[in-house]
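Structural description and commentary
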Amino acid sequence: MHKKFFLACLFSLALFLALQGMAFADVDVEEIIEDPHLLEEAIQSAHESGHLDKDDPEGYLGIPGAPQINLFIAFIWAIVVGWIFSTVGAFGGIAAGIGHISIYGLGAYADKFEGKSAAINTAVTDSIRVSNQFMVGFSALVSTLNYWKLGRLVIPVGIALAIGSILGSYLVPTLTAGRISFEDYISLFGIFVLALGCWMFYQTTPRGQKSKKKAKEAAQAFEETMKRKRSGEAIDTSELGVKMTSFNPKKISFAFYGVEFSFNPLFPILGGFVIAAIAAFLGVGGGFMLVPFITAVAGLPMYLAAGTSALAVLVGMITAILSYLAAGVLVHWSLIGTQLVGIFIGSMIGPRTSQYIPEKVLTRIFIVLAFYVGINYIIMGITGTQIHEFLAGAG
Amino acid sequence: MNWWDHLIIMLDLVLIAPYRWFENPVNGFFFGTFVLCLWCVFAGEITFRIGSWINRNHIRRFRSNMVRMHNLSVKALLLKDKENYRACNKEANEAFGKYFFNMLTMGAAVLWPVPFALGWMNTRFGHIEFALLFPLPVLGQSVGFAAVLIPMYILCRIFWAQIKKKMPDTPAEPGLKPGETGQEEMISMHEVEKEGRIPERFWDSSKS
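Everything quoted here is computed from the prediction, not taken from an experiment.

1. Remarks on the overall build of chain B
Regarding its fold elements, chain B presents 8 helices and 2 strands. Order of helices (α) and strands (β) in chain B, N terminus to C terminus: α-α-α-α-α-β-β-α-α-α. Within chain B, buried positions represent 50% of all 208 residues. Here chain B has roughly 10,400 Å² of accessible surface; of this, 63% comes from carbon and sulfur atoms.

Structure below.
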């Protein structure tokens, strides 16, 4: 209940601030000001440099001559994204990014602008980044917040993560909004996809499988032992809950129900920062990386890790979204809404196809795809050509 | 004019009406946005219920696997068996990942009306900004319409969750009768602390 109260207080505060502003505006209606659209300046600049004709029909974000987003294609692609989410997980976020970059033609369009009209390039690139972040991040947030109910927060870990998360989510949008060209973005996106592909591949190798297999066998053996136990043993009530045993800048040790754990507080701060920075920069959502990270670093039980990471995800997402919006990044809201509906429908299909396509086969397909997309985007970022054009040129 | 344009105009008329119910435009703006948030909560809730009903077996399977491993890890922890705790926790984490991504799509089911609402508000209120009493870090000196809709929507969802709990005869999840929980129970640490042991029912369910 106190968590809901805390949330209600937080958002009441936000609403109160808005109301205060409105009250002020009510006194002097002239205070309601016209939005000085940054994009308009960019359009004007591109028009003056001859890269764009203001008389062309308006397309994406109202930019004259920009591609018209076909919401039907966006919807179909989002179904594919939803299907991937419900079958192979994390790759769905990448597929959402591929949609914004390649399927709707936004990447190629942004890439056309350079020199004096580079502002259009960065504006469209920022819009791609923030759209991914909104679409994947918000849905992940709802999912993670549900987990907040189940567990409790491990305050020192939560604070350490939140510090890193706020830093990453604030610095990245503030420092990069309006400054990252499509070439820079696509190269880094490609590196991330390639890294994910390598990780997915590692998981399928005998070495990657070994630790998984070991944990699985140990868990099964333990389950068998537990089946033979018919009643709960009394536990030492002096050792309940999380108890801090030592706290210094280098090491935090705590006993969780009498079992000792320790971690270096710098790791969650750094981890929170890196994960939030990647999530905010690429717009891939960071929640899915946090829970395994906390479990690995602090050894926290899954439900505590989920609850604790929810705090970091929440503050990170709020900071990133506010920072992007404050930086004047524009979003095609109907496109996001259409994609969310598509993702939802795709998730209805996933369970129904998984009985025909084994998970292993799917994982292999997506590994190949990750390698192809990753390398293609890196080459596109460096040379400005697609992989097949690059190979043909090299040949 | 085709049926799609008709639909858009009809929707626009329905959504803008509450904004005109008050003479004072500021009151009208807040009331209209509040009604819009209620529409978003309503449409999201319906979609979520339909989706979780269609996918109920699938989601339950993932959840039950996760809960089983979590409960085992808690048992190992309370027995001070660190090695088995780590193994079961790893498995629980793996299962959580699968459940997480499936629930992520349910998040999309809940949230889809919000971007449409923002898109619609942009057509009506996109050109205005509200001055804040004092400049805020990150936000600056003024905020747009989204700064009203998003917090108001979140508050509406929190209150809706409270109302739902008090509503009689509401099943815990779609496809169940009222009173049925339908979900495998996770061991609650609060209960363990209260009883000083893992409650009996968690051992009963493991009887072979």
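Picking up where we left off.
2. Some thoughts on helix α8 (residues 182-204) of chain A
Compared with the 33 Å implied by 1.5 Å per residue over 23 residues, the 33 Å span of α8 of chain A between its first and last C-alpha is a close match. Residues of α8 of chain A that are buried: Phe182, Tyr185, Ile186, Ser187, Phe189, Gly190, Phe192, Val193, Leu196, Gly197 and Met200 of chain A.

3. Considerations on the UniProt feature "transmembrane region" (unreviewed entry) in chain B
Taking the numbering used here, the UniProt-annotated feature "transmembrane region" (unreviewed entry) corresponds to residues 28-51, 99-118 and 138-160 of chain B. A distance of 34 Å separates the end C-alpha atoms of residues 28-51 of chain B, which is 100% helix and 0% strand.

4. Some details on the pairing of strand β4 (residues 259-263) of chain A
Residues and elements named next belong to chain A. Residues Val259, Phe261 and Phe263 line the buried face of β4, whereas the alternating positions Glu260 and Ser262 sit on a face that is not buried. The pairing of strand β3 (residues 252-256) with β4 spans 5 bridges and is antiparallel. Bridging across to β4, phenylalanine 256 finds its partner in valine 259. Adjacent in sequence and paired antiparallel, β3 and β4 are bridged by 2 residues, among which tyrosine 257 carries a positive phi angle near 50°.

5. Some points on the nonpolar core
Ile63, Phe91, Ile120 and Val124 of chain A together with Phe29, Met121 and Phe125 of chain B are the most contacted members of the largest nonpolar core, which has 143 residues in total. A per-element tally of this core places helix α4 (residues 82-111) of chain B first, with 15 residues. Not counting chain neighbours up to four residues away, the residues in contact with phenylalanine 125 of chain B comprise Ile16, Tyr19, Phe29, Trp120 and Phe145 of chain B.

6. As for the pattern of salt bridges
Residue and element names in this part refer to chain B. Per the counting criterion, the structure on display carries 4 salt bridges over all chains. The partner of aspartate 12 in a salt bridge is arginine 124, with the nearest N and O atoms 2.5 Å apart. Separated by 112 residues along the polypeptide, aspartate 12 in helix α1 (residues 3-16) and arginine 124 in helix α5 (residues 113-125) bring together distant segments of the chain. The buried category is assigned to aspartate 12, whose relative accessible area is 17%. For arginine 124, a relative accessible area of 29% corresponds to the partly exposed category. Connected through shared salt-bridge partners, Glu45, Arg49, Arg157 and Lys164 make up one network.

7. Digging into the state of the cysteines
Residue and element names in this part refer to chain B. Within this structure, the stated rule accounts for 0 disulfides over all chains. Lacking any disulfide linkage, cysteine 156 is separated from the closest cysteine sulfur, that of cysteine 37, by 4.7 Å. A relative accessible area of 9% places cysteine 156 in the buried class.

8. A short note on the pairing of β3 of chain A
Of all the 5 residues making up β3 of chain A, 5 are buried; the element is thus mostly covered by neighbouring parts of the structure. Of the two faces of β3 of chain A, the one holding Ile252, Phe254 and Phe256 of chain A and the one holding Ser253 and Ala255 of chain A are both buried throughout.

9. Some thoughts on a nonpolar patch on the surface
Residue and element names in this part refer to chain A. A cluster of nonpolar side chains, Ile159, Ile163, Ile166, Leu167, Tyr170, Leu171 and Leu175, forms an exposed patch at the surface whose accessible area comes to about 600 Å². Along the chain, isoleucine 166 falls in helix α7 (residues 155-176). Residue class for isoleucine 166 comes out partly exposed when judged on its relative accessible area of 39%.

10. Observations regarding the packing of helix α13 (residues 333-353) of chain A against α4 of chain B
Orientation of α13 of chain A relative to α4 of chain B, taken along the N-to-C sense of each, is 135°, at an axis distance of 8 Å. Judged on the interaxial angle alone, α4 of chain B and α13 of chain A are oblique. Crossing of α13 of chain A over α4 of chain B shows left-handed handedness. Between α13 of chain A and α4 of chain B, the contacting residues are Leu340, Ile343, Phe344, Ser347 and Met348 of chain A on the first element and Thr105, Met106, Ala108, Ala109 and Leu111 of chain B on the second. Grouping the amino acids of the contact of α13 of chain A with α4 of chain B by side-chain chemistry returns 8 nonpolar, 2 polar and no charged.

11. Let's talk about a positive patch on the surface
A contiguous patch of positive charge on the surface is contributed by Arg207, Lys210 and Lys214 of chain A together with Lys90 of chain B. Looking at the positive patch, the element that brings in the most residues is helix α9 (residues 206-228) of chain A, giving 3 residues. Tracing the backbone through its elements, the reader meets lysine 90 of chain B in helix α4. Accessibility expressed as a relative area gives 36% for lysine 90 of chain B, which makes it partly exposed.

12. Here we look at the packing of aromatic side chains
All names here are of chain B. Within the structure shown, the criterion is met by 16 aromatic pairs over all chains. Here tryptophan 112 and phenylalanine 116 contribute two aromatic rings whose centre-to-centre distance is 6.0 Å and whose plane-to-plane angle is 75°, an arrangement assigned as edge-to-face. Every member of this aromatic cluster is reached through a ring pair, and the members are Tyr19, Phe29, Phe30, Trp120 and Phe125. If you follow arginine 56 out to its NZ or CZ, it ends over the ring of tryptophan 53, 4.4 Å from the centre. A cation over an aromatic ring shows up here: arginine 61 above the ring of phenylalanine 62, its NZ or CZ 5.6 Å from the ring centre.

13. A closer look at the packing of α1 of chain B against α5 of chain B
Residues and elements named next belong to chain B. Where α1 contacts α5, the two axes come as close as 12 Å, and the packing angle between them is 80°. Relative to α5, α1 is oriented roughly perpendicular. Here Asp12, Leu15 and Ile16 of α1 come into contact with α5, specifically with Trp120, Arg124 and Phe125.

Criteria and cut-off values
Residues numbered from 1 in each chain as written. Chains lettered and ligands numbered in written order. Predicted model: local features only at pLDDT ≥ 70, side-chain atom pairs only at ≥ 80, totals over all residues. Heavy atoms only, no water. Helix = DSSP H or I, 4+ residues; strand = E, 2+ residues; numbered from the N terminus. Buried < 20%, exposed > 50% of the residue type's maximum accessible area, 1.4 Å probe, protein only. Areas by Shrake-Rupley, 256 points an atom, 1.4 Å probe, with all protein chains shown as cover. Expected span 1.5 Å × (residues − 1). UniProt positions renumbered as here; feature names shortened; annotations may be inferred. Pairing = 2+ DSSP bridges. Core = buried A, V, L, I, M, F, W, Y, C linked by side-chain atoms within 4.5 Å. Contact = heavy atoms within 4.5 Å. Salt bridge = Lys/Arg side-chain N within 4 Å of Asp/Glu carboxyl O. Disulfide = S-S within 2.5 Å. Patch = residues over 30% accessible without salt bridge, like charges linked within 9 Å, V, L, I, M, F, W, Y side chains within 5 Å. Axes fitted to C-alpha atoms, helices over the stretch in contact; angles between N-to-C directions. Parallel < 35°, antiparallel > 145°, perpendicular 65-115°, else oblique. Left-handed = near helix turned anticlockwise from the far one by under 90°. Nonpolar A, V, L, I, M, F, W, Y, C, P; charged D, E, K, R; others polar. Lys, Arg positive; Asp, Glu negative; His and termini not counted. Charge placed at Lys NZ, Arg CZ, Asp CG, Glu CD. Phe/Tyr/Trp six-rings, centres within 6.5 Å; stacked < 30°, edge-to-face > 60°. Lys NZ or Arg CZ within 6 Å of the ring centre and 35° of its normal.

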